[in-house]
Every structure is written in structure tokens, then in C-alpha cells.
Protein chains: 2
Amino acid sequence: MSSTQTAQLMDGAGLARRIVAEAARHASEITRRTGVTPCLATVLVGEDPASATYVRMKRARCARAGIASRFVGLPAATTTAELVDTLGSLSQDPDVHGILLQHPVGAHIDERAAFEAIAPEKDVDGVTMNSFGAMSFGLPGFTSCTPGGIMRLLDEYRVELAGRHAVVVGRSPILGKPVGMLLLARDATVTYCHSRTADLGAVLREADVVVAAVGRPRLIRGEDIKPGAVVIDAGYNPGNVGDVDFDSACERARLITPVPGGVGPMTIAVLLAQTVDAARQQTGATTDVRAEC
Amino acid sequence: MSSTQTAQLMDGAGLARRIVAEAARHASEITRRTGVTPCLATVLVGEDPASATYVRMKRARCARAGIASRFVGLPAATTTAELVDTLGSLSQDPDVHGILLQHPVGAHIDERAAFEAIAPEKDVDGVTMNSFGAMSFGLPGFTSCTPGGIMRLLDEYRVELAGRHAVVVGRSPILGKPVGMLLLARDATVTYCHSRTADLGAVLREADVVVAAVGRPRLIRGEDIKPGAVVIDAGYNPGNVGDVDFDSACERARLITPVPGGVGPMTIAVLLAQTVDAARQQTGATTDVRAEC
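Residues numbered from 1 in each chain as written. Chains lettered and ligands numbered in written order. Predicted model: local features only at pLDDT ≥ 70, side-chain atom pairs only at ≥ 80, totals over all residues. Heavy atoms only, no water.

## Considering the interface of chain A and chain B
A common way to state how big an interface is: give the accessible area lost once the parts meet.
Part 1: Contacts between the two partners involve 28 residues from chain A, matched on the other side by 28 residues from chain B.
Part 2: With both sides pooled, the region where chain A packs onto chain B buries about 2,600 Å², and carbon together with sulfur makes up 66% of that total.
Part 3: It is A:M129, A:F137 and A:L184 that lose the most area in chain A upon contact with chain B, and together they represent 24% of the buried surface on that side.
Part 4: With a shortest N-O distance of 3.2 Å, A:D187 and B:R196 are connected by a salt bridge.
Part 5: Counting every contact that joins chain A to chain B gives 15 residue pairs in polar contact (both at pLDDT 80 or more). (Contact = heavy atoms within 4.5 Å. Buried area = accessible area lost by both parts, 1.4 Å probe. Salt bridge = Lys/Arg side-chain N within 4 Å of Asp/Glu carboxyl O. Polar contact = N/O pair within 3.5 Å; in protein donor to acceptor, adjacent residues only side chain to side chain.)

## A short note on the sheet that holds strand 2 (residues 39-45) of chain B
Note on sheets: strands pair through backbone hydrogen bonds, and any given pair is parallel or antiparallel.
Residues and elements named next belong to chain B.
Part 1: What the three strands build is an open sheet, ordered 3-2-4; its pairing is parallel. Edge positions in the open sheet fall to strand 3 (68-74) and strand 4 (98-101), since each of these has one partner strand only. If you compare each strand with its neighbour and ignore which way they point, the axes differ by 20° on average.
Part 2: Where strand 2 and strand 3 come together, seven bridges link them in parallel fashion. Its bridge partner being in strand 3, L44 is matched across the sheet by G73. (Pairing = 2+ DSSP bridges. Helix = DSSP H or I, 4+ residues; strand = E, 2+ residues; numbered from the N terminus. Axes fitted to C-alpha atoms, helices over the stretch in contact; angles between N-to-C directions.)

## As for the relation of the copies chain A and chain B
Part 1: For the pair chain A and chain B, the relating rotation is 180°, the translation along its axis is 0.0 Å, and the fit reaches an RMSD of 0.0 Å. In the structure described here, the two chain copies are related by an operation that fits a two-fold rotation axis. Nearest to the rotation axis, the C-alpha of A:T191 is located 2.0 Å from it, this being the minimum over chain A.
Part 2: Counting the interface residues of chain A, we find that 100% of their copies in chain B are interface residues as well, pointing to one common contact surface. (Least-squares fit on C-alpha atoms with pLDDT ≥ 70 in both.)

## Let's talk about the packing of aromatic side chains
Part 1: Taken as a whole and assessed by the stated rule, the structure comprises four aromatic pairs over all chains.
Part 2: Seen from their ring centres, A:F132 and B:F137 are 4.8 Å apart, and the 45° between their planes marks the pair as tilted. Taken together, the residues A:F132 in helix 5 (residues 129-137) and B:F137 in helix 5 (residues 129-137) connect one chain to another. Residues A:F132 and B:F137 agree in their burial class; the two are buried.
Part 3: In textbook terms, an aromatic cluster arises when at least three aromatic residues are bridged by ring pairs, as seen for A:F132, A:F137, B:F132 and B:F137. (Phe/Tyr/Trp six-rings, centres within 6.5 Å; stacked < 30°, edge-to-face > 60°. Buried < 20%, exposed > 50% of the residue type's maximum accessible area, 1.4 Å probe, protein only.)

## Brief notes about the UniProt feature "domain: Tetrahydrofolate dehydrogenase/cyclohydrolase NAD(P)-binding" (unreviewed entry) in chain A
Part 1: UniProt's feature table lists "domain: Tetrahydrofolate dehydrogenase/cyclohydrolase NAD(P)-binding" (unreviewed entry) at residues 144-282 of chain A, given in the numbering used throughout.
Part 2: For residues 144-282 of chain A, the helix share is 37%, the strand share is 14%, and the end-to-end C-alpha distance is 19 Å. (UniProt positions renumbered as here; feature names shortened; annotations may be inferred.)

## Let's talk about the domain arrangement of chain A
Part 1: The domain architecture assigned to chain A consists of domain 1 (34-120) and domain 2 (144-264).
Part 2: Taken over C-alpha atoms, the centre of domain 1 of chain A sits 29 Å from the centre of domain 2 of chain A. (Domains from an automatic or database assignment.)

## Remarks on the environment of A:R196
Part 1: By the element assignment, A:R196 lies in the loop between strand 6 (189-193) and helix 8 (200-204).
Part 2: Taking relative accessible area as the criterion, A:R196 reaches 42% and is therefore assigned partly exposed.
Part 3: Residues A:R196 and A:G235, spaced 39 residues apart in sequence, show a C-alpha to C-alpha distance of 18 Å.
Part 4: Residue contacts for A:R196: discarding those within four places in its chain leaves A:R171, B:A162, B:G163 and B:D187.
Part 5: At 3.2 Å, the side chain of A:R196 forms a polar contact with the side chain of B:D187.

## A few points about the pattern of salt bridges
Part 1: This structure, assessed with the given rule, holds 24 salt bridges over all chains.
Part 2: For A:D245, the salt bridge identified is with A:R218, shortest N-O distance 3.6 Å. Remark: A:R218 occurs in the loop between strand 7 (209-212) and strand 8 (230-233) and A:D245 occurs in the loop between strand 8 and helix 9 (246-250); sequence separation between them is 27 residues.
Part 3: You can call A:D245 buried: its relative accessible area is 11%.
Part 4: Of the charged contacts in the structure, one is a salt bridge between A:R280 and A:D277, with a shortest N-O distance of 2.5 Å. Within this pair, A:R280 and its partner A:D277 are both found in helix 10 (residues 263-283), separated by three residues, close to a single helical turn.
Part 5: By relative accessible area, which is 11% here, A:D277 ends up buried.
Part 6: Salt bridges linked by common partners bring A:R171, A:R196 and B:D187 together as one network.

## Structural notes on the packing of helix 2 (residues 49-64) of chain A against helix 10 of chain A
Residue and element names in this part refer to chain A.
Part 1: Look at helix 2 against helix 10: their axes get within 11 Å of each other, and the N-to-C directions meet at 55°. In terms of orientation, helix 2 and helix 10 fall into the oblique class. In this structure, helix 2 meets helix 10 at a crossing whose hand is right-handed. Contacts from M57, K58, R61 and C62 of helix 2 reach helix 10 at I268, L271 and L272.
Part 2: When grouped by side-chain class, the residues that make up the contact of helix 2 with helix 10 number five nonpolar, no polar and two charged. (Parallel < 35°, antiparallel > 145°, perpendicular 65-115°, else oblique. Left-handed = near helix turned anticlockwise from the far one by under 90°. Nonpolar A, V, L, I, M, F, W, Y, C, P; charged D, E, K, R; others polar.)

## Focus on the sheet that holds strand 2 (residues 39-45) of chain A
All names here are of chain A.
Part 1: Strand order across the open sheet formed by three strands is 3-2-4, with parallel pairing between neighbours. The open sheet has two free edges, formed respectively by strand 3 (68-74) and strand 4 (98-101), since each of these has just one partner strand. For this sheet the average axis-to-axis angle between neighbouring strands, irrespective of direction, equals 20°.
Part 2: Alignment of strand 2 against strand 4, held across four bridges, turns out to be parallel. Across the sheet, the residue bridging to A41 is I99, located in strand 4.
Part 3: The strands that helix 2 touches are strand 2, strand 3 and strand 4; relative to strand 2, the one it contacts most, it runs at about 170°.

## What about the UniProt feature "binding site: NADP(+)" (unreviewed entry) in chain A?
Residue and element names in this part refer to chain A.
Part 1: Sequence positions flagged by UniProt for "binding site: NADP(+)" (unreviewed entry) are, in local numbering, G170, R171 and S172.
Part 2: Of note, G170 is situated in the loop between strand 5 (165-169) and helix 7 (176-185).
Part 3: Residue classification places G170 among the buried residues on the basis of a relative accessible area of 4%.
Part 4: If sequence neighbours within four positions are ignored, G170 has contacts with G176, Y192, C193, A213 and V214.
Part 5: Mapped onto the elements, S172 comes out in the loop between strand 5 and helix 7.
Part 6: Overall, the relative accessible area of 28% leaves S172 in the partly exposed class.

Here is the structure:
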């Protein structure tokens, strides 16, 4: 409780390595038993350098885990209808088990229509309304990758959620909203805050668990952290800066994710694990995967 | 602020009458212009007397508003597959514009599978994952009826939501969860409370808007209402008792829904309005309806 307390770091990088190693074992087992190698299709629209780098990184991670990947690069001028067609074809393709559409796709494209063209059983990035419904209602389905990674981190550190107050800062469709629903499914009392919240500090000071997912550098400072709270920083800002002011938050939190090495590595680990799960389901190598982690 | 303050009643019954009258005008216009009468299919599984009464009431309201209804009564022993087939056929039937599956359907049936067999464009009761996603992401689609009714009531009384703290007590798939998402889409800070919430009173006392949707008679008492708050009681309990202790809440709230005559009549009004909207879209009489009210 004193100001000299230093929070324990939540080692996302280490947990992600174990999850990826397990996914690799399962991928190899599927390949051995069925002759089919799990395959992730990555779809990139346009030539944004950052997006191209993200896709390359994901494909490299797949390769190292024994997961095949198929790259589909589309020109920046691709229409919504063309992108929907491409995603529909991949959804039908029996050689593809998971589909990732790299965000963003360009302002002229209806991204929601594109996402919805991904078959739910191949939505390993958890971007469809079906996946959101599954996360919200505790039904079988895939999680959005960052929310799924956050839940696995909380479980790894045995963070009690039932009856605790979790405050999610941010409300994006693939991060803030779904992570709140996953926390609610685990019996947390959940508050969604955002840019219009009148007194963010006052809400945060009541939080047993904080999930920062808003993309504003060092928005959340230690003085707004309840002593002993668990702080998950899912913010990504230039210069490897999170949404939480790390040093001051460390003086109050009990557990905290560093940036980098916290939530970031978990996202891609969940993507790989869910791709292998999708391949297992589609090859009949196993039966079920649940939205809850 | 004094204990002698008496809250203004939010007249759901009156607003519902106006919404139904407007739906009736639109239904008549659609019939006149296209020769097609908007039609709601009501599906009842088994012979539970309360459920049968609800369906009868909804059909009678349809009839008075110039909306046709088609009743499909299925035996209690109906299987999930049979129910899915029935709902799939109604989804394909061009004479049916909206579909209502009366809840509950019996424990041996997978109600979620049944709901998902309803085509999104006919889901005028707002029970599918697609509708939940639409409400959550601000996309075109139908609202769940009670949440949609609550939003219309809040708008009718010009309740400011942006930046205000809305506390939803309850997290059911067609009431608590979607109303929270609709409030969030309107820029409220939203907290979900439920049976596992550690200190409900403490959370409630911070609420500018309370939505009680938990089904526990008089759970919420005046002492837990912040002076000047808006209190929406969506509870339905035996003896026309809501989830809010009305008399004590009236001494603190600025606006409050009575039970009966508050939220209840709004639910069926939204069902009728959305059925007419569905018919408009399907007959080409108009183009769009949005999840936001």
C-alpha cells in the first residue's frame, strides 16, 4: 500500500512463447494425423508500410510454428465488393482454416461488410459480429485476439474476477467492447470508460482491474490507480509507450503489464493458437473451442 | 435534493400509444402503396399459459395496428432441428416480414440455435447475434425490443446521456447487455452490475441513469439513488412489482418509470414499429432502419 511498493510485472512475452510452443505442437500433431497443415490466409489491402510489416511479422510467426500462411495482397483501389468476394472465396476454400484481414482497409471500403464475409469458423482474429456475440453470450467461437490474450494473462496470474470491479478504458469493436464482455462473462462488474467519460480518474480509483485500450500515451497515471489493482496496458502508441504511465502506476498496482512485452505478444500468440484450433475443428482432429479462455 | 422531492413519471404507456399509432399509419401506407400487409410470424413452442397469453396479446396488438400475424404453434416435444427448420422457412417466406420466437422454448431446445435461424432482416425482436452486434457497433439492424423502448423513453424525456454514468443492473442477452451497448453508443459511461457485484449500492449511488433489469422485486431502494438521477425500471416481477422500490426511489430520482405503465408498454410498441420497418424494407417502400433510436 505504501508508495514504495513495486508492482509485479505480468510477463506476456513469456506466456506468449509457451502458448505459441503449444500451438506449434498441436499444429504438428494435426499435420501428422491428417496430412493437413493448418493454414492462415492473410489479406492486405493497399501498401501501407506499417500494415505490410504487421502482416509479414504474423506470417513469419506462423512459419516458425509450423502453420502455413497464404498471402493475398490486393491493390489500394480494391472495392468493397471485390474484397467481400475474396474473403468469401477464402471462407469456402478447404485448404484455408483461418482468415486475417489486416486493419485498416482504406476509408472507401466498408470494413464491417468485409469482416462479415469471413466465415465464423475461420474468424481466428475474432472480428465478426458472430464472434462478438459468442464472446458476449459465452458461446463457442473465437475471441478477438487482444481480448483473448488479456484474459489468458489474467488467468495465468490467477487474478480473481468474480465480483471485482473491472474498468475498461476504450470501446473499440475488437478491443474495448469485447474485453469488457469477456470480463462480464467471468462475473466482474464492468465499467466502460472512453473519451466522453466525465471523470475518468474517479472511476479508475474504484477499479480492481484496469484495462487501458484507448491509444492515448500515458493517459492513466499512478494517482488514479487503486492500491493493489491489476493494470493491463493494451495501449499502443509511438515509441513503445502504453496508455498507462508505467513508473507511477508501478507504485500502486499489484500486477502490471509492461509495454512492450505485456499484452502485445499475447495478441499474436492467440492468433496462432486460434488458427490451430480452427484447423483442428475443420479437419475433425478435435471438436470444440470456447470463447472463454 | 430534499427528501420531499417527487420524481416526474416517465409515461411509457402514453409514448407507446403514439409509437403504435405511427406504426399503424405506416402499415396502412405500405398496404396502400404495395398491396402487401406487414406480417409478424409468432412462434410458440409448448403450452405454457403465460407464454400463450403473451403471444395472444402481441397478436391482438398487431391486429389493432393493421399488422397481419401468422401464428405457428409447435408441440412441447419439438426438437431444436424442427424449430430451426420452421424458423428457416419463415425466414424464406416472402409473406412474413418479422419473426418472433416466444421465450422460453423449453430446456431441451438450444434456444440460441433457434434464434440464429431467424434471418437478420426479419429479427424484429432483436434476439440474434447479428442484431446484438448491430446494437453494439452502431450498425443498421433491429434493437432488442425492451432496450429499444428504453432508449426511446430516454429520448422522449430528453435525458442527456453523453458523459453521464449509466448503471445497468442485469446482463441478460436481450435486456441488460444490449441496453448497455446502446447507452455506450450514445457516449454514456456504462457500468454493468449483476448478482455477483460486490457493493451494488455503492455503484448505484454514482449513477446518473439507472436501468434495473434483473427481475428481483424492489432490489433497488431510494437510499441507493443519487439525487436527481433518472431511474428506468425494466423489472417484471409478480404482482406488478418492479426491481425498484418505487416510493422511496421517487423521493430521490428526477425521472422514473412506473410499473406498470413505464417500460412494459414500450416493448410491444417497439416490436410493432420494427415489424412495420421490416415490411417497409422488404417491400421496398423505404430503405433503412438504424439500431440507434
